Amino acid sequence: MATASDREQIIQAIMEAPAAVHKVVFAHRHPSPSPDFHTEMVNDYYSPIPYILHLVFRGGAKSTIAEEAVTLMAQCKLLRNAVLTGVSESRAKERLQAVKFELETNEILLDIFGDQVGDTWSETKIVLKNGVCIQALGRDQSMRGTKHLDARPDFLLMDDIEDKVSCATPEARQKLMSHYAGVMIPSLTPPGTF
């Protein structure tokens, strides 16, 4: 396992060139060459921009890149309490399962950060040994009061939160937007206060 000093240098390298680090750490997840827009997506996760939307065609690796970013950001303690959400809890659990798999099996991450499997390691919530929490919630589950110790969620990944019903009518789309703007975003730690 890397020393504390080595880890600090690696975290600095991640912050300076996250897309290059992702290409090495997660090479096994990318059997084909990555297009240029993947670099932009990865860099967005490590940027100071508080709200980002990636509109990418189906099969464009949005979920894959998001899972990788959450995994590495959690290892580096760039977040404290992340919430992964999807159209349903089962979809959100799929994102968390992918993160858990990388934390448990990625040899590069294990060499750098060591075993991070903590005491809380379920289908819907994990707490890494470094104290970072990652939770999976369905789109309609309440985020109000969702905390880990003293930390409100400081990172929200909304992945494919729409379905046919929520997009069928203007009223349904408005309801989804109202939930996003009135419940989900206000449940987060305000940007810049971490």
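Predicted model, so just to flag it, every value in this text is computed and none were measured.

**Observations regarding the overall build of the chain**
Part 1 of the reasoning: Across its full length, the chain carries 8 helices and 4 strands.
Part 2 of the reasoning: The linear arrangement of helices and strands in the chain, starting from the amino end, is α-α-α-α-β-α-α-β-β-β-α-α.
Part 3 of the reasoning: Expected size for 194 residues packed as a compact globule is a radius of gyration near 16 Å; at 17 Å, the chain falls within 12% of this value.
Part 4 of the reasoning: Every one of the 194 residues in the chain was classed for burial, and the buried ones make up 44%.
Part 5 of the reasoning: The contacts in the chain between residues at least 6 apart in sequence include a share of 68% that link residues at least 24 apart.
Part 6 of the reasoning: Surface summary for the chain: the accessible area is close to 10,400 Å², and the carbon and sulfur share equals 55%.

**Quick look at the confidence of the model for the chain**
Part 1 of the reasoning: When pLDDT is averaged along the chain, the result is 88, and 95% of the positions lie at 70 or above.
Part 2 of the reasoning: Confidence, read as mean pLDDT per element, is least for helix α7 (residues 164–167) in the chain (68) and greatest for strand β2 (residues 125–127) (97).

**Overview of the packing of helix α3 (residues 36–45) against helix α4 (residues 62–75)**
Part 1 of the reasoning: Where α3 meets α4, the axes come as close as 10 Å, and the angle between the chain directions of the two elements is 35 degrees. Between α3 and α4 lies a crossing whose hand is right-handed. Two secondary-structure elements touch here, α3 through H38, M41, V42 and Y45 and α4 through K62, I65, A66, A69 and M73.

**Let's talk about the packing of aromatic side chains**
Part 1 of the reasoning: Counted under the stated rule, the structure contains 2 aromatic pairs.
Part 2 of the reasoning: Centre to centre, the rings of F37 and F57 are 5.8 Å apart; their planes meet at 75 degrees, and the pair counts as edge-to-face. A residue pair is termed long-range when its members are at least 10 positions apart, and F37 in helix α3 and F57 in the loop between α3 and α4 qualify at 20 residues.
Part 3 of the reasoning: Classification of F37 by relative accessible area gives partly exposed; the value is 27%.
Part 4 of the reasoning: We classify F57 as exposed; its relative accessible area is 53%.
Part 5 of the reasoning: Between Y45 and F155 the ring centres are 6.4 Å apart and the planes differ by 35 degrees, which places this aromatic pair in the tilted class. Of this pair, Y45 sits in helix α3 while F155 is found in strand β4 (residues 155–158), placing the two residues 110 residues apart along the sequence. No difference in accessibility class separates Y45 from F155, as the two residues are buried.

**Topic: the nonpolar core**
Buried together is how nonpolar side chains tend to be arranged in soluble globular proteins.
Part 1 of the reasoning: Of all hydrophobic cores here, the largest spans 37 residues; its most connected members are Y45, Y46, L72, I134 and F155.
Part 2 of the reasoning: Per element, the largest residue contribution to this core is 7 residues, and it comes from α4.
Part 3 of the reasoning: In this structure, Y46 is in contact with I14, M15, P18, H22, A69, L72, M73 and L78, ignoring residues within four places of it in sequence.

**Notes on the environment of E89**
Part 1 of the reasoning: In this fold, E89 is placed in helix α5 (residues 89–105).
Part 2 of the reasoning: Residue class for E89 comes out partly exposed when judged on its relative accessible area of 32%.
Part 3 of the reasoning: Separated by 66 residues in the primary sequence, E89 and K23 have C-alpha atoms spaced 29 Å apart.
Part 4 of the reasoning: Not counting residues up to four positions away in its chain, the partners in contact with E89 are T124, A136, L137, G138 and Q141.

**Quick word on the environment of G182**
Part 1 of the reasoning: Relative to the elements of secondary structure, G182 occurs in helix α8 (residues 170–184).
Part 2 of the reasoning: When its relative accessible area of 38% is taken as the criterion, G182 is described as partly exposed.

**Focus on the side chain of K100**
Part 1 of the reasoning: Checked against the element boundaries, K100 lands in helix α5.
Part 2 of the reasoning: The side chain of K100 sits in the buried core without any salt bridge; E104 is the nearest counter-charge, 5.3 Å away.
Part 3 of the reasoning: Reaching out from K100, the side chain makes a polar contact with the backbone oxygen of S122 at a distance of 3.0 Å.
Part 4 of the reasoning: Apart from residues no more than four positions distant in its own chain, K100 is found in contact with W121, S122, E123 and I126.

Reading the values: the criteria
Residues numbered from 1 in each chain as written. Predicted model: local features only at pLDDT ≥ 70, side-chain atom pairs only at ≥ 80, totals over all residues. Heavy atoms only, no water. Helix = DSSP H or I, 4+ residues; strand = E, 2+ residues; numbered from the N terminus. Rg over C-alpha atoms; globule rule 2.2 N^0.38 Å. Buried < 20%, exposed > 50% of the residue type's maximum accessible area, 1.4 Å probe, protein only. Contact = heavy atoms within 4.5 Å. Areas by Shrake-Rupley, 256 points an atom, 1.4 Å probe, with all protein chains shown as cover. pLDDT = per-residue confidence, 0-100. Axes fitted to C-alpha atoms, helices over the stretch in contact; angles between N-to-C directions. Left-handed = near helix turned anticlockwise from the far one by under 90°. Phe/Tyr/Trp six-rings, centres within 6.5 Å; stacked < 30°, edge-to-face > 60°. Core = buried A, V, L, I, M, F, W, Y, C linked by side-chain atoms within 4.5 Å. Lys, Arg positive; Asp, Glu negative; His and termini not counted. Salt bridge = Lys/Arg side-chain N within 4 Å of Asp/Glu carboxyl O. Polar contact = N/O pair within 3.5 Å; in protein donor to acceptor, adjacent residues only side chain to side chain.

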